[in-house]
There are 2 protein chains.
Amino acid sequence: MDAIDLRLIGLLRDNARSSYAELARQVGLSAPAVHERVGKLEAAGTLRAYRAEVEPEAIGLGVTALIGIIEDSGADTDDVLAALRIMPEIESCYFMAGVESYQLTVRVGTIAELEQLIVRINRTPGVASTRTAIALSTKWENRPQPGRDPAVG
Amino acid sequence: MDAIDLRLIGLLRDNARSSYAELARQVGLSAPAVHERVGKLEAAGTLRAYRAEVEPEAIGLGVTALIGIIEDSGADTDDVLAALRIMPEIESCYFMAGVESYQLTVRVGTIAELEQLIVRINRTPGVASTRTAIALSTKWENRPQPGRDPAVG
DNA sequence: TGAAGCCATGGATGCCATCGACCTGCGCCT
DNA sequence: AGGCGCAGGTCGATGGCATCCATGGCTTCA
């Protein structure tokens, strides 16, 4: 992980469909060298995936909400997590410090679907209560931040 | 926007670096046809960007937190937003219904940096108070959800 | 029923991914 | 000090891919 790797990561975060030739021009190496570096970053798990970012409204997912979950005192966290994992509407799931054990980002088509989702989560064994906040608008999402050398950090 | 477009979007959300030839095989069309469809989806803004998903720890961003912001009663929302926008640590920013006007996802390297960021946000004119919750672990993030035809939704 | 437009097909062409061979600089061992 | 081995680079070749263009079919609307 050196400065060139960080630049490659930055370039791929800006445009994951860049060709290796293009990346090579940008960082001043040959295409095979870039190919090998990117392959190693993928193998190391640093580059996890390449994803298209889609306008949610265009695919019928116009409602975004954040849901906090308070667990029952005796809840089995693994069971709760497994139940959450199979709900496709849950885009992100963080295990949090604080009263609310989980914080979810969810995406559905309509307020009615959001209601059904909340009911389903509340019925999940181990879930004591939920707190939902609806996003009126998304100012920005998943904005890439320039990486730093973790050794320096 | 038909079923094939939705499948193309799904394939690109799973792997944004798929070649057009590969996409064509998956959906049963020719490569030029896929090329044209994807181009139109990009032009329409449905496909916004292609991004590499990076392990945050590997680029020195191991601390994730969610911050809620309560605005001053007389705050100019545009000014607050502009101040937030120039903070690179803020990965996502939603304008919310409820007491907390904004909900942020932030990513920093250390708890000390998180503290500095919170101070900076609290000092921003128009910000009355903030509430921060730290993510102990990320169960999953940005999991793609199968799209639906928005006309049906 | 006819015409027009949209869209897929198939071929051609130049660029790209990718493999193998070789080179170079550095650290280590003798 | 000198040579060995390795990590990581360039170069060249080749097969596949992106992309443009001309052609032809299907649908839709008058």
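Numbering of residues begins from 1 in every chain and follows the order in which that chain's sequence is written. Each chain gets a letter, beginning with A, and each ligand a number, beginning with 1, in the order they are written. Given that this is a predicted model, residues contribute local features only at a pLDDT of at least 70 and side-chain atom pairs are listed and counted only at 80 or more, while totals for whole chains, interfaces and linings are drawn from all residues. For side-chain calculations, the full set of non-hydrogen atoms in the structure is used, while hydrogens and water are omitted.

> Can you walk me through the pattern of salt bridges in this structure?
Think of it this way: side chains of opposite charge can pair up when their charged atoms draw near. Each salt bridge in this description consists of a side-chain nitrogen of Lys or Arg and a carboxyl oxygen of Asp or Glu lying within 4 Å of one another. Applying the stated criterion to the full structure yields 20 salt bridges over all chains. Arginine 25 of chain A serves as the salt-bridge partner of glutamate 22 of chain A, at 3.0 Å between the closest nitrogen and oxygen. Taken together, the positions of glutamate 22 of chain A and arginine 25 of chain A, both in helix α2 (residues 20-27) and three residues apart, correspond to about one turn of that helix. Each residue's exposure class comes from its accessible area (1.4 Å probe, protein chains only) as a fraction of the maximum for that residue type: buried when under 20%, exposed when over 50%, partly exposed otherwise. A residue is classified by how much of its surface remains accessible, and arginine 25 of chain A, at 60% relative accessible area, is exposed. Between glutamate 53 of chain B and arginine 51 of chain A there is a salt bridge, with its nearest N and O atoms 2.8 Å apart. Taken together, the positions of glutamate 53 of chain B in strand β1 (residues 47-54) and arginine 51 of chain A in strand β1 (residues 47-54) put the pair across two chains. Its relative accessible area of 22% is what places arginine 51 of chain A among the partly exposed residues. When salt bridges that share partners are traced, they join Asp2, Asp5 and Arg37 of chain A into one network. What counts as a helix is a DSSP run of H or I of at least four residues, what counts as a strand is a run of E of at least two, and both are numbered from the N terminus.

> Help me understand the pairing of strand β3 (residues 90-96) of chain B, please; the structure alone is not making it clear to me.
One face of the sheet, then the other: side chains in a regular strand alternate in exactly this way. The element β3 of chain B is largely enclosed, with a buried count of six among its seven residues. In this structure, strand β5 (residues 127-140) of chain A lies alongside β3 of chain B, joined through four bridges in antiparallel fashion. If you follow tryptophan 140 of chain A over to β3 of chain B, its bridge partner there is cysteine 93 of chain B. Examined bridge by bridge, β3 of chain B and strand β4 (residues 102-108) of chain B share five bridges and lie antiparallel to one another. Of the residues in β4 of chain B, the one forming a bridge with cysteine 93 of chain B is leucine 104 of chain B. Here β3 of chain B hands over to β4 of chain B after five residues, with glycine 98 of chain B in that stretch at a positive phi of 115°. Whether two strands pair depends on DSSP finding at least two bridges between them.

> Sorry if this is basic, but what is going on with the side chain of glutamate 71 of chain A here?
Turning to its location among the elements, glutamate 71 of chain A is positioned in strand β2 (residues 63-71). The charged-residue count follows a simple rule in which Lys and Arg add positive charge and Asp and Glu add negative charge, with His and chain termini not counted at all. Here glutamate 71 of chain A is buried and forms no salt bridge, its nearest opposite-charge partner lysine 139 of chain B lying at an N-O distance of 9.6 Å. Polar contact is defined as a pair of N or O atoms within 3.5 Å, subject to the rule that within protein one atom must be able to donate a hydrogen and the other to accept it, and that residues adjacent in sequence are counted only when both atoms are side-chain atoms. A distance of 3.2 Å separates the side chain of glutamate 71 of chain A from the side chain of threonine 77 of chain A, its partner in a polar contact. A distance of 3.3 Å separates a polar atom in the side chain of glutamate 71 of chain A from a polar atom in the side chain of serine 101 of chain A.

> Got a minute to help me understand unusual backbone geometry in this structure?
Leave glycine aside and you will find that most residues have negative phi; peptide bonds, for their part, are mostly trans. Residue and element names in this part refer to chain A. The phi dihedral of asparagine 142 falls on the positive side, at around 55°, and the residue is not glycine. Tracing the sequence through the fold places asparagine 142 in the segment after β5. On the accessibility criterion, asparagine 142 (23% relative accessible area) is partly exposed.

> Even after reading the chapter, I still don't get the protein's contact with DNA strand D, so can you show me in this structure?
In the vicinity of DNA strand D there are 13 residues, among which Ser30, Arg37 and Lys40 of chain A together with Tyr20 and His35 of chain B approach most closely. For this description, a residue counts as near a given molecule or strand if any of its non-hydrogen atoms is within 4 Å of it. Sugar and phosphate atoms form 78% of the subset of DNA strand D atoms that lie within 4 Å of the protein. Between a phosphate oxygen of DNA strand D and a side-chain N or O atom of serine 30 of chain A, the distance comes to 2.4 Å. At 2.6 Å from a phosphate oxygen of DNA strand D is found a main-chain nitrogen or oxygen belonging to tyrosine 20 of chain B. Of all elements in the fold, only α3 (31-43) of chain A together with α2 (20-27) and α3 (31-43) of chain B reach the threshold of two or more residues within the surface near DNA strand D. The classification used treats Ala, Val, Leu, Ile, Met, Phe, Trp, Tyr, Cys and Pro as nonpolar, Asp, Glu, Lys and Arg as charged, and all other residues, Gly among them, as polar. Tallied by class, residues from the surface near DNA strand D come to seven nonpolar, three polar and three charged.

> Looking at this structure, how should I read the interface of chain A and chain B?
Across the contact, 68 residues belong to chain A and 68 residues belong to chain B. When chain A packs against chain B, close to 6,600 Å² is buried across both sides, 51% of that on carbon and sulfur atoms. Here the buried area means the combined drop in accessible surface, using a 1.4 Å probe, for two parts upon being joined, counting both sides. Together, Arg17, Arg51 and Trp140 of chain A form the three largest contributors to the area buried by chain A at its contact with chain B, with a combined 13%. Across the contact surface, chain A and chain B share four salt bridges. Remark: the boundary between chain A and chain B carries 50 residue pairs in polar contact (both at pLDDT 80 or more). Of all the elements in the fold, those that place two or more residues in the side of chain A that touches chain B are α1 (3-14), β1, β2, α4 (77-85), β3 (90-96), β4 (102-108) and β5 of chain A. At nine residues, the largest contribution of residues to the side of chain A that touches chain B is made by β5 of chain A. Here the residues of the side of chain A that touches chain B sort into 33 nonpolar, 17 polar and 18 charged. The pairing of β1 of chain A with β1 of chain B spans seven bridges and is antiparallel. Pairing of alanine 49 of chain A across the sheet is with glutamate 53 of chain B, part of β1 of chain B. The contact rule is simple, with two residues in contact once any of their heavy atoms fall within 4.5 Å.

From the geometry alone we can't say anything about function, so treat these as descriptive.
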